[in-house]
Every structure is written in C-alpha cells, then in structure tokens.
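Topology and contacts: notes
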Amino acid sequence: MMKKKRLSASKASLVLFLCQMISALDVPLDSKLLEELSQPPTITQQSPKDYIVDPRENIVIQCEAKGKPPPSFSWTRNGTHFDIDKDAQVTMKPNSGTLVINIMNGGKAEAYEGIYQCTARNERGAAISNNIVIRPSRSPLWTKEKLEPHQVREGDSLVLHCRPPVGLPPPIIFWMDNAFQRLPQSERVSQGLNGDLYFSNVQPEDTREDYICYARFNHTQTIQQKQPISVKVFSTKPVTEKQPILLTPTGSTSTKVELRGSVLLLECIAAGLPTPGIHWIKEGGELPANRTFFENFKKTLKIIDVSEADSGNYKCIARNILGSAYHVISVTVKAAPYWITAPRNLVLSPGEDGTLICRANGNPKPNISWLANGVPIAIAPEDPSRKVDGDTIIFSHVQERSSAVYQCNASNEYGYLLANAFVNVLAEPPRILTPANKLYQVIADSPALLDCAYFGSPKPEIEWFKGVKGSILRGNEYVFHDNGTLEIPVAQKDSTGTYTCVARNELGKIQNEVQLEVKDPTMIIKQPEYKVIQRYGQVSFECIIKHDSTLLATVTWLKDNDELPDDERFLVGKDNLTIMNVTDKDDGTYTCIVNTTLDSVSASAVLTVVAAPPTPAIIYARPNPPFDLELTGQLERSVELSWIPGDENNSPITSFVIEYEDGLHEPGVWHYQTEVPGTQTTVQLKLSPYVNYSFRVIAVNEIGRSQPSEPSEQYLTKSANPDENPSNVQGIGSEPDNLVITWEPLKGFQSNGPGLQYKVSWRQKDVDDEWTSVIVANVSKYIVSGTPTFVPYEIKVQALNDLGYAPEPSEVIGHSGEDLPMVAPGNVQVHVINSTLAKVHWDPVPLKTVRGHLQGYKVYYWKVQSLSRRSRRHVEKKILTFRGNKTFGMLPGLEPYSSYKLNVRVVNGKGEGPASPDKVFKTPEGVPSSPSFLKITNPTLDSLTLEWGSPTHPNGVLTSYVLKFQPINNTHELGPLVEIRIPANESSLILKNLNYSTRYKFYFNAQTSVGSGSQITEEAVTIMDEAGILRPAVGAGKVQPLYPRIRNVTTAAAETYANISWEYEGPDHANFYVEYGVAGTMASRQVDIATQGWFIGLMCAVALLILILLIVCFIRRNKGGKYPVKEKEDAHADPEIQPMKEDDGTFGEYSDAEDHKPLKKGSRTPSDRTVKKEDSDDSLVDYGEGVNGQFNEDGSFIGQYSGKKEKEPAEGNESSEAPSPVNAMNSFV
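Residues numbered from 1 in each chain as written. Predicted model: local features only at pLDDT ≥ 70, side-chain atom pairs only at ≥ 80, totals over all residues. Heavy atoms only, no water.

Turning to the overall build of the protein, a few remarks are in order. Counting its secondary structure elements, the protein contains five helices and 89 strands. Taken across its 1229 residues, the protein has 41% of its residues classed as buried. If you take every contact in the protein between residues at least 6 apart in sequence, the share linking residues at least 24 apart comes to 64%. A total accessible area of about 66500 Å² is found for the protein, and carbon and sulfur atoms account for 51% of it. (Helix = DSSP H or I, 4+ residues; strand = E, 2+ residues; numbered from the N terminus. Buried < 20%, exposed > 50% of the residue type's maximum accessible area, 1.4 Å probe, protein only. Contact = heavy atoms within 4.5 Å. Areas by Shrake-Rupley, 256 points an atom, 1.4 Å probe, with all protein chains shown as cover.)

The three strands are arranged β14-β17-β16 in an open sheet whose pairing can be described as antiparallel. Across the chains shown, the open sheet's two edge strands, defined by having one partner strand only, are β14 (158-160) and β16 (189-191). For this sheet, the mean angle separating the axes of adjacent strands, direction not counted, is 15°. The pairing of β16 with strand β17 (residues 197-199) spans three bridges and is antiparallel. Bridging across to β17, Gln191 finds its partner in Leu197. (Pairing = 2+ DSSP bridges. Axes fitted to C-alpha atoms, helices over the stretch in contact; angles between N-to-C directions.)

Taken together, the side chains of Leu1104, Leu1107, Ile1108, Ile1111, Val1112, Phe1114 and Ile1115 define a hydrophobic patch exposed on the protein surface, amounting to about 670 Å² of accessible area. Examined against the element boundaries, Phe1114 turns out to sit in helix α3 (residues 1093-1120). (Patch = residues over 30% accessible without salt bridge, like charges linked within 9 Å, V, L, I, M, F, W, Y side chains within 5 Å. Salt bridge = Lys/Arg side-chain N within 4 Å of Asp/Glu carboxyl O.)

Two side chains with opposite charge may pair up if their charged atoms get near one another. All told, the structure shown has 37 salt bridges when counted by the stated rule. Across the pair Arg504 and Glu463 runs a salt bridge, and its minimum N-O distance is 2.7 Å. Of this pair, Arg504 sits in strand β46 (residues 497-505) while Glu463 sits in strand β43 (residues 461-466); the two residues are 41 residues apart in sequence, bridging distant segments of the chain. Judged by relative accessible area, Arg504 falls into the partly exposed class, the value being 31%. Among the charged side chains, a salt-bridge network with shared partners connects Arg153, Asp156 and Lys242.

This brings us to the packing of aromatic side chains. On inspection of all chains with the given rule, the structure shows 21 aromatic pairs. When the ring of Tyr900 is compared with that of Phe921, the centres are 5.5 Å apart and the planes differ by 15°; the resulting orientation is stacked. Residue Tyr900 is located in strand β78 (residues 898-908), and its partner Phe921 is located in strand β79 (residues 919-922); the two are separated by 21 residues in the primary sequence. The rings of Phe174, Phe180 and Tyr214 are connected pair by pair, giving a single aromatic cluster. (Phe/Tyr/Trp six-rings, centres within 6.5 Å; stacked < 30°, edge-to-face > 60°.)

Next up on the list: the state of the cysteines. Here, disulfide denotes a covalent bond that connects the sulfur atoms of two cysteines. Scanning all chains against the criterion turns up six disulfides. Disulfide pairing places Cys162 opposite Cys213 at an S-S distance of 1.9 Å. Taking the sign of the torsion about the S-S bond as the criterion, the disulfide between Cys162 and Cys213, at about -70°, is left-handed. Remark: Cys213 occurs in strand β18 (residues 208-217) and Cys162 occurs in the loop between β14 and β15 (172-176); sequence separation between them is 51 residues. Of the two residues examined, Cys162 and Cys213, each falls in the buried class. (Disulfide = S-S within 2.5 Å.)

The next point concerns unusual backbone geometry. The peptide bond linking Thr248 to Pro249 adopts the cis configuration, its omega dihedral lying at -5°. Looking at the secondary structure, you find Pro249 in the loop between β21 (242-248) and β22 (253-259). Backbone torsion omega between Leu273 and Pro274 reads 5°, so that peptide bond is classified as cis. As for its placement among the helices and strands, Pro274 is situated in the loop between β24 (269-273) and β25 (277-282). Even without being a glycine, Lys298 presents a positive backbone phi close to 65°. Along the chain, the position of Lys298 falls in the loop between β26 (292-295) and β27 (300-303). Given the relative accessible area of 45%, Lys298 is considered partly exposed. Residues other than glycine seldom take positive phi values, yet Asn955 does so here, at roughly 55°.

What follows covers the pairing of strand β10 (residues 114-122). By the criterion of burial, β10 is predominantly enclosed, with seven of the nine residues buried. In the sheet, strand β6 (residues 72-77) pairs with β10 via six bridges, with the strands oriented antiparallel. Within the sheet, the bridge partner assigned to Thr76 lies in β10 and is Gln117. Bridge count between β10 and strand β12 (residues 132-136): three bridges; the pairing is antiparallel.

Of all hydrophobic cores here, the largest spans 30 residues; its most connected members are Ile59, Ile61, Trp75, Ile101, Tyr116 and Ile134. Elements supplying a minimum of two residues to this core: β3 (50-53), β4 (59-61), β5 (63-68), β6, β9 (99-101), β10 and β12. Here the element with the most residues in this core is β10; it accounts for three residues. Those residues in contact with Ile59 that lie beyond four places of it in its chain are Val53, Leu99, Val100, Ile101, Ile103, Ala109, Tyr112 and Ile134. Counting residues in each nonpolar core, the second largest holds 22 residues, with Val442, Tyr454, Leu473 and Val514 among its members. (Core = buried A, V, L, I, M, F, W, Y, C linked by side-chain atoms within 4.5 Å.)

Mapped onto the secondary structure, Thr500 falls in strand β46. In this structure Thr500 touches Glu463, Trp464, Phe465, Gly467, Gln511, Asn512 and Glu513, once residues within four positions along its chain are discounted.

We now examine the confidence of the model for the protein. Mean pLDDT over the protein: 83, with 83% of residues reaching 70 or higher. This model gives residues 1-28 a pLDDT under 50, and the stretch forms 66 contacts once residues within four places in sequence are excluded. Scored below 50 in pLDDT, residues 1027-1043 shows 10 contacts in the model against residues more than four places distant or in partner chains. (pLDDT = per-residue confidence, 0-100.)

Attention now goes to the sheet that holds β43. On the basis of which strands lie adjacent, the open sheet formed by four strands has the order β40-β47-β46-β43 and mixed pairing. Taken across any chain shown, the strands that pair with only one partner, and hence form the sheet edges, are β40 (438-443) and β43. Mean inter-strand twist for the sheet, computed between neighbouring axes without regard to direction, equals 25°. In this structure, β40 lies alongside strand β47 (residues 508-519), joined through six bridges in parallel fashion. By the bridge assignment for β47, Leu439 is matched with Gln515.

Take Arg359: it is sitting in strand β32 (residues 359-363). The exposure class assigned to Arg359 is partly exposed, which follows from its relative accessible area of 38%. Sequence separation of Arg359 and Asp391 is 32 residues, and the distance between their C-alpha atoms is 6.2 Å. The residues touching Arg359, leaving out its near neighbours within four places in the chain, are Trp339, Ile340, Thr341, Asp391 and Thr392.

With respect to the helices, strands and loops of the structure, Thr923 is situated in the loop between β79 and β80 (931-937). Take Thr923: its relative accessible area is 3%, and that puts it in the buried class. At 3.0 Å, the side chain of Thr923 and the backbone nitrogen of Tyr897 are in polar contact. A polar atom in the side chain of Thr923 sits 2.9 Å from the backbone nitrogen of Ser898. Discounting residues that sit within four places of it in the chain, Thr923 has contacts with Val832, Ser835, Leu867, Leu894, Glu895, Pro896, Tyr897, Ser898 and Tyr900. (Polar contact = N/O pair within 3.5 Å; in protein donor to acceptor, adjacent residues only side chain to side chain.)

This next bit is on the environment of Val100. Tracing the sequence through the fold places Val100 in strand β9. In contact with Val100, other than residues within four places in its own chain, are Ile59, Val60, Gln89, Val90, Thr91 and Lys93.

Okay, the environment of Gly646 next. Secondary-structure assignment places Gly646 in the loop between β59 (638-644) and β60 (655-662). Given a relative accessible area of 15%, Gly646 falls into the buried group. Beyond its immediate chain neighbours, meaning those up to four positions away, Gly646 contacts Asn624, Pro625, Pro626, Phe627 and Ile653.

Following this line, the structure appears as structure tokens:
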C-alpha cells in the first residue's frame, strides 16, 4: 500500500503548483506554462480606500492586475463610466490601469474629487477594485477673531482655546512662544486632545503675552499660527486651596464609541490647588495588560488594538489633599467587517464541483452580497452550475464557460470588505515542470527528495519507477507526496540510480527521468582533545577527517565561535592547528569545522593556559547517569523505585528527576513523574490503572542534567473502572428537530482499562418521562433526532470500559434546535414626540411562539416621502434592535415634516419572525436649514443686490425669509441692526438708500410656522463716490458724464491699509487724487489743498529740511562707516529673510518695528493705479485677513492676504537675529 502525506515546508525544495481543487492564483508557474494557460484577472495593486492627495501634485490612482490574456482596464467615477479620452488632463499608464491626473499643468484637484472604481477584464471574467475615495488635502486659514487678554487670579483654573481650522487630514497642534520655543508642560499645565491648553491652577510665572497655538498640516507641509494670547495672573494673599473639579470632560458621565483594532484615547483634565493627580480604573474589570499606556502626565488613558472585550465603564479620579472628583466614560467597541474566511480562487476541471465561501464578522454583523464579474449576482447572466446559499456559492458539474471572477462584499455602517475570487475551469493534459535528468545528491542514511512538479486538469495521477524498465515503486520504504515528490526516508548506497516519474490523466500521459547519487558521510576520525599547557609553551590540536572521494572538503578552525586571531603564532596545517608561544589570552574553546557541499561536521576542545609549573585543573561536569534501577512493593496504584547515583563529577547532586513511559498508550514518549532531593535514592510512586510503566532517573547538579538512566523493568497495572466522566457536556440543537450532545472525551490513561465507551442519556425536562440511553464508541458527539422544537432536555454522559462504569455523572440542561418565530408582535403604536423623535410600543409575543432563545425585537422603519416636496426617493430601510423582552423603543434621527412606515419583528437565535403590519406615522414641521446660498452682487454707491437659494431641507412650509443687516466701521464696530421680512416666494432683493463706501454685514434665515432656521451671513461693501461726475440736482434728468471719466472704482480693505482700483477714460498725463473718510462719519468733498498757497509753502519748508538731514547723514556715513544693523545684514545676507526694495530690487535697510504709516490724504498712486501700503513690518499677523500667517516647511512665507491673488513686495524690518521658525518648529513637531 502506498503511503501519502503532505510535504513539510522544511523539506520542500520545489515549487508547489496549481494541482488541487482550491489553489491560490499567485502560485509561481514557469514562464512557458504562464504563456499557455488562460487565467481570469486578479487585482494585484490598488490605491487605498480613503486616498487624500496633495492638491499641488499630480494625482496617481493605482490599479494593477494580472491575467491571461492580459486584462483591459476601465474606470467609473461616482458610479458612472469615466471616459478618460474626453479629459485631456487624465491619462492611463501603458499596460496598466493606473490613472495619472495632471494637476501641475493647469488641472485643479478639487475638480477630481469623487469615488473611483477600477475594472480589469479579459475573456475569462472581470475583477474590480475597492471604491477609492479621492479627496485633496486642505489647510485652511484661521478664522478672524478678536482675542481679549485673560486676567486670572492666582490659584484659579484657566483654559486657552486653540480652535484650529478644520483641515484634511486634521492638523497636529502645539503651543509655542514668540521665540519659537515650546511652552513647558507638566501635571499643572498640559495640552488636551482637542488642542486647548489647560491650567489646573495658574501661578505668577504663567503671566506672559505670547501663548501661541500652532497647527501643522503634514500633508501640505504647512504650519499656521493663531494670534498670540495674553495672560496676566494677579496675586491675592493668601491663595485659597481648592478641591478638584473636572475641566474636561464635563458632567459625571459621558459615552464614547471606538472601532475594533484602533486606539482608544480617554482624557480627564482637572482643576484644583494643589494640582490634582489622575487615576484610572475600569469598573468591574482590569485594564488590559500590555496594551494600556498612560500619556500627558496620566491625564490620557491609551489602549491600543481595542476589541469588544474592552467595552465597559472607565472611571477617572482626580484627587488632591482636599478631596476628589470623578467622571465615568461608557465605552462601546464596534467593529468594521473583518474576515473569518475570505473567498479563495478555484481551479477546476470540467465536470468537477467546488465552493466559494465568504465569511466575515463585525459589530453590527455585516451584510454579505455577491457579484459576478462586477455585476450583482441577482442580475448577472445565469449559470446552471452555480447556486448561491447566503455566504457560499456552490458549483456543480462546471464547464469551461463557468469561468468568472466573483466578488464578495461584506459591509456594515463602519466600513466594508471587498474580495475577488475567480473560478477557472481548465482542461489541460499533464505537464512535468521538473527539468529532465536533474541530478540529486544526498548523504547516506539521510532522506532523499526527488521532485516531480506537475500540472494538469483533471489532476494527473503520479507513478514512480526505478530504472528505465523497472517496476512501479511500492512499499513502506517510499513516501509519495501529493505534489509528486518521491521521498526515500533512509537513502542507502544501493539507492543510487535513475528514477522515472509518470503523470497521466484522461487527456494524456508524460514522463521524466531524474538521477540520484548517494554519498558517504563526512566524519572526524580523530577529534581535538582537551589540553592544559604551560604559559609560553606550544600546543597542537588534531582534526583528521574522512569523506566521500567525489566531494571536496574544507576545514575551518574557530576560537570561541569566532575567527582565529590574525597572529603568525597560529599555524593551520592539513589536519592540525598549532599555537606557538602560548599566552593567557589564547585560553578558550577551539573548534574544527569540516564542510562539503552536502554535509558539515564539527568537534571542539578546550585549551587551558596555566602558569609554570602546571597544576592539574579540577574538572567540573554534569553528573553521570544513575544506574541499577529496581522496582519493589508493586501494588495496584503504587510502586517503590530505587537507584544508585552515578559519579557527581566534583559538583554535588541537588535533585533527581523521575520520568515514566506508557508503553501501552504512548510508547517512546517520556513524561515527567516527580522530582526528589539529591540525598534521596528511593521514592514511592502513585500509579494509574491499565498503564504499562517504565521508569528512568536523571541526576541534576549546578553544571546541568545527566543523561537519562537505562529504563527500569516494565510494570503493567491492572485494569479498573473509569475514575471520572467526560467534561464540558453540552446539548445544543443544530436543526429544529434535533439535539446535538457533545463532550470532551477522556485521555488514553484516564480510561483505566480496555474498551472505553460512553453511555449517553437524555430526557425531556419537566415531563414525566424515562431516561433514553445509548452506548457509543470513544467519540465526542451524539445527535438525537426527531425532537420537538426548542424544548429543554436533561443530559448526562457516563464513561465505561470492559470492567464497568464510572461514578454517576452530573446532569446538565440543554435545548433542542431553534426555529424561526411564528407570530409577529401585535398592537404596534407610534407616539411622535417631536419632529425628529418618535416612540414605538408593541405587545410582546407569547414565549411559546418564539421557538428559541428570545434575543429581542427589531424595528424596521423607512421614510416614504417628504410632506413639503411631495417627491418620492429611494427607500432606505433602517433597523433598530432592542435586546431582551422589551416592548418599546425610541426612533431617533427622523426628518421633520415627513411620512414614515414601520413594522416590528421578534428575533431568536435562528433569525427573525414575520413582520407586523406596516404602521404609518408623520412627523410635524421643524425649523428649516439655512438658505443654500446668499450672494451679494451689483454694488453701487447706495445699493446692493441680494440673491439667495431656498433651504436644502425646508422641514415644513416656508412662511417667510428674515434679513438683518448693519454697517461695520474700520475698527470692526457694528452699527444699528435693521430687520426686513421677505415673502417666501422671493429669491432676490435690491437694498437701496445705503451709505457709499461702507461695509455691511448681513444675516439671513428662513422661517416656518415652527420658528426660524439657521442663518447664513455675508459681508459686502458699497462702492466709493466716483470722481469727475457731477451730482445731479434734485428732480433733474440724467447728466451725461464729462471727460476725463473714472468708473468701476473697487476697494479691498485690510486692517491697516486699503487697495483701490479704477478704470480711467480721458487724456494722458492726468494726476489722480484719492480722498477717503472714516466709516460712520459724514464725508464731504475736499478742497484740493495742492493748489493752496499755504500748503505749497509748507511743502517747500519740509523739502528743505529733508535735504539738510540727508546731507548730514551722508557726511556722518562717510566718516563713521556702516551702521551696526547694516553690519549684521552683511554678515547674514540670507535672501530668504532680506527684504527687497520696491524700486531697484536691492536689499533695503531695516526700519523701526513701530513704523506703521497709515494712508495719507492726497498721496499719489503708482503708475499701476493702485494704492499700496507704504511700509510693512512683515509680522505673521499682517497676512491672511490680517490675523494669521502661513509657513512652508522650509520657513518661507506662503500666506496671502485676503482680497489679493499675489502679495505685493514691501520693505521689511525684521531683525537679522530673529530665531528661525523652521528650526524651532522641526525640533518639536
């Protein structure tokens, strides 16, 4: 009879090929086979599901696949076909599905946001990628806000809010000062998870004006800063101590939901004086070992790789000498789908059967859906060989046309899994992939593995022959592996020869020959010996070897497992090592290693160097094994063992270890029995019935354990009744009409005798019935058929053997199988609480109709239509599960002013029962959402045009719109508020009689009968008075404009300057003057002072004074050399930080940091007809709407102030000695 077993990985030197019913596609085939075999597509590389891209770089969406013939690729975007040929910015890499979207040459990343999916297709099927969500990263500016200084009493708590802009991905938050030094943190002062800076109690040293919050956006490599926050601490003596209170989280309880496998972060920050300490516990359990960490001075509890077992209540306790405070966080761990069994590729022959299994778990339990070639299987082309059964597809009698790629999708509310698995039906004659006449060489008495890698469909049968005309190999001296390999467990010299492998199936036959040579083993026939040598003497170690004459042997010497020292005193001969003029450092272990291409042997010896005259060294070694073992006093359950100790070799024996062998049940396996002190040479041993005992003894000293002694004589104990019964007895039905009884069987020596069996007994509980019993063989399961559905049973399992029964077993309670519930809940009532919440009631079903363990009730509810729009949409049913025997539940998240339906079903372990009749209910009106947009156009001197869109969610019948507006002066103070009510059917409004050149803030919202909705705000500015146009008299007709004419005057105001532009028509060489006034004051047309005599005289005096000052400065500069600041500029001439002059591009002098000059009335504009800020201090807060700035990673400034596309060059006044923000940032982030 031929033996077959699977080849272990440690012995296999060949490639495993596709020769079983279920095979992985990526099994490596040789290139010739790959060229000939058809294969459906397989996705090999794809971009992540959530793909955040840099909006400044090209977008690369990966999709690579393999198959035969090579697959073609197509894409969908947002569920529809994406025609890349129609978009010049999009290209697909050759022989690939990878898309490249060209952003760097004019494309915009925002235009390509969406959900992308790749399909790879050939004649054998189609594989699809995951849904790849493309989103460009965002690093928005900080919103404009006015920060008031914080004045705090010493000992009080304080929270400095960061409130960073919402970026994608979220930014990293840190606090620094003006010198770009990280603010020190401690148990008293620390940063929260939300980025806020918390002070448990403030101290005088906390007073400073430069608390600055920074947000680092890693994806775009930018850092933004908030406006500095000022804190002033004033002292009151004495300082009052305070007991702890929690700053965050607030209240006594809160909840948190985390996903399985992610990191759970819980935070508690407390106020108090002295500073409270934080302690964490888990109510009703322990914090998980090896996964729990404390951060931020124990204020943050971090648990990595969370699982459902980590759900529960976590309590943080803040304590100081005055008392304590606590907060309980209820943690619920949910789970996105994860694989239990992912579908695997199938390679079948025509007419064969197979299955695809897709099993996943999650919380809530994921839904399983199947697709065929990317199409839902319900609408895919019919295949008579295919049958879908839930999470399994069963294939019967497949044909070549059955080849396809199937997709399994497992999804719940927290994510999804998508797996491709193909079914490839092949009809191929046998092929042998092992090279012909391959030579195998092995050492005698070792295993020989002869490869016969093959492929064929149907799977070929493999036979081996020795010699050209030899008979088929059979017998126990050969092992035939499933992959075709022939194993000769103990190869001998006469095993040398030619071996022939034959592979055949119904489509053909092929054979291949390989050669085997068996070599003599390598041996060290004279090993190096232990040497004691006098210092400065000479020593030699011998290493004489014998090896197969056809193999080349090399000899290597090592000292202490390392190379020999590079010293001419070490002489390596053909079969020895000689050391001349021995020193103390030559002391050690010397090893001779002999290597051939097939084997390796080694031998070692110790060299001890001693002073003259040499004295014999004391040798400490392991003890010799005990001997002369003797059994006496044999009884049914005990025996006495005695022995004589061996030589202890200069180290006292500390103990003896006794082991036993059961020659009846486990021959050749030795088990630990007991251990006795080293002074004891006899021991009384307890025995079990029906065991054939042999004993051996091992001596132990400080050096180690001896070799085991020779085994004692055997002693077979008598049989007896079993002492114990099986454990873990259970009764659970697998079908509605059966009861499956299982148990853990007894181990071999627990049987106490031959003929081990089990008596299985059962009877229905609470019914006057007799026990039913059967006796079964040594198994672990028995199925009782024909039982009523879901009734309790009393069960017991008793062991017995040929000598009798074990003691009476204890009874356990089990249940027969469950069936689906029979009836639906009745009297379903709905009470609408408000526009988004309803309460549903139902009567419980009778427990007898549940027919299983009652798990709870499920409420299915869905929106039928919106009462305001009267339009139907896709029905999305929602499900709420209420555990246990509950008769009511709350339905949250409803949409106002809508019609809903619901039904209720009871749930047991088998599934859901029938649904109750659909119940219709309606939600009342609510307040609307904000208008979809508000646009302000057509600014004139005294009017603005407002346009708006109706709310996306009216949540009822709109009754009107409310517009409120008020002017804003240049100090950001708000004027009186005006309110206008507008009919609901209007979508635009022209506001007249406004002040010219005035900024207005508008607040706009919609109303229903319930109330006002969220408001939307906008700001706009009326244009300035036009120069050169006469004001018409009251009641006069239209006045024609006079030349020259100025029109389309526009303004963009910042905090300390304004940008004014206009269009000019008229003769050349005109002078322009700009007049302006403070908003909120009465403005009037000014007299052109440039033509007044007193003004001309004043300007001449000023010009003369400036000329005198310039002459004095020029003389002092020539005499005194450079100014100190200029010297610093020369020493640190970094173009990144040197400001540029506007006129000639040269580096300018540094100006005083306080030199901020406002616009001057009557000042001339440059030739481009824009008014610029004359001086700038280049501080961070002068950019980005005047309150924030933005840096690149290299420290260069990239912020842009609001209202301009490009920053105009300006003179700078930064100090050349200012610390680099880049170095400071990178040292902390």
